[in-house]
Amino acid sequence: MRTSESFVPGLDGVIAAKTEISFLDVDREKIVIRGEDLIELAKDKTYFDVVHLLLEGDVPDQEEKNKLEENIKGYYSLPDDILPTFNLLPKGMHPMDGMRTIISLLAGYDADIENRSHNENKQRAYKLLGQLPFITVNSYFATEGKKIVSPDEKLGYSANFLYMITGKKPSDLEVEIFDQLLLLYIEHEMPNSTFAARVIASTNADMYGTLTGAISSLKGNLHGGANEAVMHMLREVDTVDGFEALIRHKLQNKEKIMGFGHRVYMKKMDPRATITKEALRKLCERDKDYTLLEMCEAGEEIMREEKGLYPNLDYYAAPVYWKLGIPIPLYTPIFFSARTAGLAAHIIEQHDNNRIFRPRVAYTGKSY
Ligand SMILES: CC(=O)SCCNC(=O)CCNC(=O)[C@H](O)C(C)(C)COP(=O)(O)OP(=O)(O)OC[C@H]1O[C@@H](n2cnc3c(N)ncnc32)[C@H](O)[C@@H]1OP(=O)(O)O
Ligand SMILES: O=C([O-])CC(=O)C(=O)O
């Protein structure tokens, strides 16, 4: 018989699914995606290489990659009659909530929505990946009361994404670093949002509804929302001394420091953060201004000494976004946009081999 002793708060360490998609091998410091290490892939592969790996099962050759890009680019624009909805989003609404609304609306434009076959789900995922830069960027502009911007189909995926955000043609270095950020955010085994997606998908819910649940999960500051919180914290002060004092003050007040700690990597640095730290160094070199890097390093040292905690991906990703000229409310939406490839792979796997999630409880209520 199962008793309350078998209950683990936060399901820490509990195996929730069998999957062929990904695994965090903390001992060997690998983020395994379909047999490949994401950290190795980040050195010389692109976001689309990993999209192909997740949804087709292997890293593509050039011809396969061109085909993938052509397929996804075919969906850069949204159905015309959705566009006025952007202007109905309340000003001041967070763009994550705007995106959640638009993705939900897309369900009404899928003529074959009840088809959950593997191939149909996969094509649906490609379509969404094509539409996401538009949805992400314009959820921000619309909620800021600004004009909707259009994609530039002549640009590559990441170049266009950045161009839509900043209105400027990005440099090669900026495109390379932004693409690497998308790659690092793409998939991470069973975080809260992926678990939420798999739970919802297990009722046979469609991809739009499932992603709507995942986006709600990802917005929370204990998960994807942490990258925005990190940047707000860095913006509170502008010197290394000021940042050190801020972190110590927060620790004294028993506050959590955003961007630190991780359920799986608790006693080690998130390997993705090592890469984003290097990206920050490159951007600091470009600007001949190392202040942000030095502030972050000082925070990292205090957290290691005082709490034995290490940065997660969001800690160094935040100042990288900042240096790329990206407005803070877009940090978590870009995370979600990148993660949609991983979420789609999990939704497809769940639909392909499903049993509804329905756990039990340890009852602590009135006696009966
Ligand atoms: C890409 C991502 O989504 S990565 C995650 C992004 N989220 C954040 O950066 C938010 C800050 N971090 C946290 O809140 C947590 O570390 C989480 C949510 C990531 C993991 O949570 P859990 O595995 O449940 O760890 P939990 O919160 O129980 O922490 C264990 C201990 O470390 C402390 N701790 C963990 N993270 C932090 C932190 N960021 N700042 C200060 N103390 C912390 C806790 O207070 C707790 O201490 P206690 O045992 O004395 O009570
Ligand atoms: O794995 C987690 O719990 C959170 C995380 O780092 C991610 O989703 O990338």
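Scoring rules and cut-offs
Residues numbered from 1 in each chain as written. Chains lettered and ligands numbered in written order. Predicted model: local features only at pLDDT ≥ 70, side-chain atom pairs only at ≥ 80, totals over all residues. Heavy atoms only, no water. UniProt positions renumbered as here; feature names shortened; annotations may be inferred. Near = heavy atom within 4 Å. Areas by Shrake-Rupley, 256 points an atom, 1.4 Å probe, with all protein chains shown as cover. Nonpolar A, V, L, I, M, F, W, Y, C, P; charged D, E, K, R; others polar. Axes fitted to C-alpha atoms, helices over the stretch in contact; angles between N-to-C directions. Helix = DSSP H or I, 4+ residues; strand = E, 2+ residues; numbered from the N terminus. Parallel < 35°, antiparallel > 145°, perpendicular 65-115°, else oblique. Contact = heavy atoms within 4.5 Å. Pairing = 2+ DSSP bridges.

As annotated in an unreviewed UniProt entry, the chain carries the name Citrate synthase and comes from Oceanobacillus jeddahense. Check the Sequence similarities (unreviewed entry) section of the UniProt entry for the chain; it says "Belongs to the citrate synthase family." Taken verbatim from the UniProt record of the chain, the Pathway (unreviewed entry) comment is "Carbohydrate metabolism; tricarboxylic acid cycle."

Peer 1: Would you mind going over the site of ligand 1 with me for this structure?
Peer 2: The environment of ligand 1 is formed by 20 residues, the closest being K256, I257, G259, F260 and R263. Burial of ligand 1 by the protein chains amounts to 67% of its free accessible area of 910 Å². Looking at the shell around ligand 1 residue by residue, the classes come out as nine nonpolar, seven polar and four charged.

Peer 1: What's the story with the packing of helix α5 (residues 95–106) against helix α10 (residues 207–219) in this structure? I'm lost.
Peer 2: Packed helix pairs are characterised by how far apart their axes lie and by the angle those axes make with each other. At a minimum axis separation of 8 Å, α5 and α10 run at an interaxial angle of 175°. Considered as vectors, α5 and α10 are oriented roughly antiparallel to each other. Of α10, the residues touching α5 (which contributes M96, D97, M99, R100, I103, S104 and L106) are Y208, L211, T212, I215, S216, L218 and K219. A per-class count over the contact of α5 with α10 returns eight nonpolar, three polar and three charged.

Peer 1: Just checking my understanding: could you explain the pairing of strand β1 (residues 22–25) for this structure?
Peer 2: Residues in a regular strand point their side chains to alternate faces of the sheet. In terms of strand pairing, β1 meets strand β2 (residues 30–33) through four bridges, oriented antiparallel. Considered in β2, the bridge of F23 is made with V32. As consecutive antiparallel partners, β1 and β2 are separated by four residues, and within that stretch E29 has a phi angle of approximately 50°, a positive value.

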